[in-house]
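Residue strings, one per chain:
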Amino acid sequence: MSQLAALSGVPVGTIKYYLREGLLHDGTLTAATQASYDGSHVERLSLIRALVGPAGLSISATRKVFETLDDRGTPLFELLGQVHHTTGPPVSDDQDLRAAQALLDRWGWRCETDDLPTVGALARALDGLAAAGFELTPEQLDDYAARVLGIATDEVDRIPVNSPEAAARYVALGTVLVEPLILALRRLGHQHASRERFGGTTPS
């Protein structure tokens, strides 16, 4: 186990904790109190650290991801959906998803379940716009959707398919860590575009 700790950068005590919690699979026993570990353990530890670290998942949420991951009959789409589900915001039981679902239906976006956290996030965003009286036209919403779908399609095309662990890690970190990047770039883009349009002029 000390060699596994050295290779993975995870302390022995933490590895033992992940073993007890069922996040890391057992090694192959070589003696009564010794076991050998291989590259699959290093890869799993890397994914655990990504999920409970930057992705911010709890141990129980991470375990749910691994239960899906370890079911080799699970299609990749369902695995990635589980990762999205566990990294998304919670949806309250009384959240009205009808307006959000109507938009998704109009765009032809196949988002499968009504309790998908991101459908709830879209619903809350639409509610916030309505409450503030800041309305976007259907054409503006369609334009946003088309632009975002282009980004999402490119990201999905980059998901590694040679390893379920690598795919789950890519989706979890790509979702959690890239979203703040996109928002930051949008705000910087606002600054650049406003300077290009308005320059140093002041409102009259």
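Rules behind the numbers
- Residues numbered from 1 in each chain as written.
- Predicted model: local features only at pLDDT ≥ 70, side-chain atom pairs only at ≥ 80, totals over all residues.
- Heavy atoms only, no water.
- Helix = DSSP H or I, 4+ residues; strand = E, 2+ residues; numbered from the N terminus.
- Core = buried A, V, L, I, M, F, W, Y, C linked by side-chain atoms within 4.5 Å.
- Buried < 20%, exposed > 50% of the residue type's maximum accessible area, 1.4 Å probe, protein only.
- Contact = heavy atoms within 4.5 Å.
- Arc of directions from axis to C-beta.
- Salt bridge = Lys/Arg side-chain N within 4 Å of Asp/Glu carboxyl O.
- Axes fitted to C-alpha atoms, helices over the stretch in contact; angles between N-to-C directions.
- Parallel < 35°, antiparallel > 145°, perpendicular 65-115°, else oblique.
- Left-handed = near helix turned anticlockwise from the far one by under 90°.

Notes on the environment of Asp 157
No. 1: Within the element layout of this structure, Asp 157 appears in helix H8 (residues 138–157).
No. 2: Here the alpha-carbon distance between Asp 157 and Gly 53, two residues 104 residues apart in the chain, equals 25 Å.

With respect to the nonpolar core
No. 1: Ranked by size, the top nonpolar core spans 26 residues in total, and within it Ile 15, Tyr 18, Leu 24, Leu 45, Ile 48, Leu 51 and Phe 66 carry the most contacts.
No. 2: For this core, the secondary-structure elements that each account for two or more residues are helix H1 (2–8), helix H2 (12–20), helix H3 (39–52), helix H4 (59–70), helix H5 (76–87) and helix H9 (164–198).
No. 3: Beyond its immediate stretch of four places on either side in the chain, Leu 45 contacts Leu 4, Ser 8, Val 10, Ile 15, Tyr 18 and Leu 24.

Overview of H2
In an α-helix, one turn spans 3.6 residues; hence positions three or four apart end up facing the same way.
No. 1: Ile 15, Tyr 18 and Leu 19 are the residues of H2 that are buried. When H2 is viewed along its axis, its buried side chains cluster within an angular range of 105 degrees and face the same direction. Exposed side of H2, more than 90 degrees from the buried face: Gly 13 and Arg 20 are the residues found there.

Observations regarding the pattern of salt bridges
No. 1: The final tally for this structure, using the stated rule, is five salt bridges.
No. 2: Put simply, Asp 142 and Arg 106 hold a salt bridge, and the shortest N to O gap is 2.8 Å. With Asp 142 in helix H8 and Arg 106 in helix H6 (residues 98–107), the pair connects residues that are 36 residues apart, well separated along the chain.
No. 3: Residue Asp 142 is classed as partly exposed on the basis of its relative accessible area, which comes to 29%.
No. 4: Relative accessible area serves as the criterion here: at 45%, Arg 106 is assigned to the partly exposed category.

Overview of the packing of H6 against H8
No. 1: At a closest axis distance of 11 Å, the pairing of H6 and H8 adopts a crossing angle of 70 degrees. Considering their axes alone, H6 and H8 lie roughly perpendicular with respect to each other. As H6 runs across H8, the sense of the crossing is right-handed. The residues of H8 that touch H6, namely those facing Leu 103, Arg 106 and Trp 107, are Pro 138, Leu 141, Asp 142 and Ala 145.

Honestly, that's just the spatial picture; any functional story needs more than this.
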